[in-house]
Amino acid sequence: MCVLGAILIYLMGPRFLIYVSCALSIWGDQMWHFAMSVFLIELYGHNLLLTAVFGLVVAGSVLIFGVLIGDWIDRKPRNKVAHASLFIQNASVTACCVLLMLLFSYRREMEQIWHGWFTVSVACYTVLITLAAVANLAGTALTITIQRDWIVSLTGGNGSQLAGMNAAVRRLDQIINIFAPLSVGQVMTWASHVIGCGFILGWNLVSLLVEFLFLSRVYQLVPQLAVKPQQQTGKPFLEKQQEPGTSKEPKDCRSHLEGQWVTTKRFLLCLRNTQRLLHTCREGWETYCRQTIFLPGLGLAFLYMTVLGFDCITTGYAYTQGIGGFLLSILTALSALSGLMGTILFTWLRGHYGLVTTGVISSWLHVGCLTLCVFSVFAPGSPFDTAVSSLPLSKNSSSSPKLLKDDQVHIYPFERNLNQPILPDRSSIHWTNSTVLFDGQQDLEQPESYVSIILLFSGVILARIGLWSFDLTVTQLLQENIPEAERGAVNGVQCSLNYLMDLIHFILVMLAPQPQQFGMLVFISMLFVTTGHVLYFFYARKCKIENSQVNETIKKGTWTPLS
């Protein structure tokens, strides 16, 4: 009975409720991002233009509004921020699903009836991508609120408990990354795109209700969540001034002056609001730059500028080298298992060597494994060609019709973190785990050797152990060292930096989409990754020097003879 009671207490406790809420949110996000890219491809005739626009808009929106989101999180009560973010995210996804269902259901009728189908479709695509960007912004706000603020308050500043909760949430993310795309993919395979949209819509409505109830319960169970230092509010935008119009003025003149005053007042209010937004952005970046963990945060952002992650770019490149969908799905599962090992390694290293040293070990492990990817560029079977590897595309690459003819499969930009390869325009889509394959793939040309692709994927998969351990290290450093009143602003800037680097990675892939140019992207990625870890090494060295000075001061104080 005691064991059963303890289990019930844990299931009703705030930690379990947080885990369930995070799992539901992550599952919905993974399904939505995976399905959204496929829907855009299907709507635009198996062309990746809409998906590229979607990726740019999403990254750009967080880059621009990340600081403002963080400031809003700092100024508002925790429960209102969580509930508003949750509602906006799910409402936006629901609206997208309804619009997609209408587009898929009545697309032929609209093409036949409306001669201006192009104008209508552009308007629909604009609304669709805008709603998706709003949903992503709300999801970013919810992630910062729960994973960067609530969890810190829940653990009460206990480093071990904080590390355990961070690792648990990351493990959930890795496991869900395997099964969430698979679930919605199977629905779309055996049913239709309309039913797939309905499945996501239903999931979001149920998830909204459950997450709302669970987060409200956590807020009630943890009293410290209600205590939040508030930022000082500034002066009102417009000080009270004497409005024009007195009894001595003529009536017509008074009404004319009042109209002018209203127009001027509105203009000044708009000007002050714009000034306040710009001032908030500037203050957010200044606050971020003066943090003690500025270097680790900047180093983490540099890791986002890479093609050496297990995303659609790398898997698409593997497809051009003769790797089939079944093997790609196996590699996807292995990458998730590698990420799980990284979370376990982080917990063990932190317990034995401390948080800062854990980051150093994780950095060396990450860079060391990625060295295999550099070797793969020169290994047998690599398509790397220095003649077409310049950025942007040189005359040699653009004026070589033979080369473009021979390459029947091309790499295109795609949104990151979707385990979905970029494949050639073929007929219908088939699903294998979380990988999208097109018909007619039997004519893939086999490379002369698989040594290059084996080295590439060995490095990418093994590097995820060090990557996730390093990510958890920097995440906990951010949680422990940022003042409570500035958590939202600093984490908002961190998200903006991450998306800025991701945007650069996206643009570089657009400039060099050919398999022969992938080697150059590998070199650039290694440069950014190494720079990010060097920034962390500077921070670790600074911490070591400060700790040595403190220890020396303590020793001197201990051995000072009594007067």
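See the structure shown above.
Here the structure is a predicted model, which is why all the values come from computation and not from measurement.

Visitor: An account of the overall build of the protein is requested, with residue identities and associated values reported.
Guide: Broken down by element type, the protein carries 17 helices and two strands. A total accessible area of about 27,000 Å² is found for the protein, and carbon and sulfur atoms account for 66% of it.

Visitor: Describe the pattern of salt bridges, naming the residues involved and giving the relevant values.
Guide: Pairing between side chains of opposite charge can happen when their charged atoms approach one another. In total, this model carries seven salt bridges according to the counting rule given. Put simply, glutamate 286 and arginine 282 hold a salt bridge, and the shortest N to O gap is 2.9 Å. Of this pair, glutamate 286 and arginine 282 are both found in helix 8 (residues 251-289), four residues apart, which corresponds to roughly one turn of the helix. With relative accessibility at 39%, the residue glutamate 286 sits in the partly exposed group. The class of arginine 282 is partly exposed, set by a relative accessible area of 44%. Through salt bridges that share partners, Arg78, Asp149, Glu484 and Arg487 make up one connected network.

Visitor: Help me get a handle on the packing of helix 12 (residues 355-378) against helix 15 (residues 451-481), residues and values and all.
Guide: Two elements in contact, helix 12 and helix 15, have axes separated by 7 Å at closest approach and are oriented at 160 degrees. On the basis of the axis angle, helix 12 is roughly antiparallel to helix 15. Relative to helix 15, helix 12 is oriented so that their crossing is left-handed.

Visitor: How would you sum up the nonpolar core? Please name residues and give values.
Guide: In globular proteins that are soluble, nonpolar side chains generally tend to be buried together. In terms of nonpolar packing, the biggest core is built from 58 residues, with Leu308, Leu456 and Phe457 touching the most fellow members. At the level of secondary structure, the elements contributing two or more residues to this core comprise helix 6 (159-190), helix 9 (294-302), helix 10 (312-320), helix 11 (325-353), helix 12, helix 15, helix 16 (487-511) and helix 17 (518-559). Top contributing element to this core by residue count: helix 17, with twelve residues. One finds Cys97, Leu100, Ala135 and Leu201 within the second-largest nonpolar core, a separate group that totals 33 residues.

Basis of the calculations
- Residues numbered from 1 in each chain as written.
- Predicted model: local features only at pLDDT ≥ 70, side-chain atom pairs only at ≥ 80, totals over all residues.
- Heavy atoms only, no water.
- Helix = DSSP H or I, 4+ residues; strand = E, 2+ residues; numbered from the N terminus.
- Areas by Shrake-Rupley, 256 points an atom, 1.4 Å probe, with all protein chains shown as cover.
- Salt bridge = Lys/Arg side-chain N within 4 Å of Asp/Glu carboxyl O.
- Buried < 20%, exposed > 50% of the residue type's maximum accessible area, 1.4 Å probe, protein only.
- Axes fitted to C-alpha atoms, helices over the stretch in contact; angles between N-to-C directions.
- Parallel < 35°, antiparallel > 145°, perpendicular 65-115°, else oblique.
- Left-handed = near helix turned anticlockwise from the far one by under 90°.
- Core = buried A, V, L, I, M, F, W, Y, C linked by side-chain atoms within 4.5 Å.

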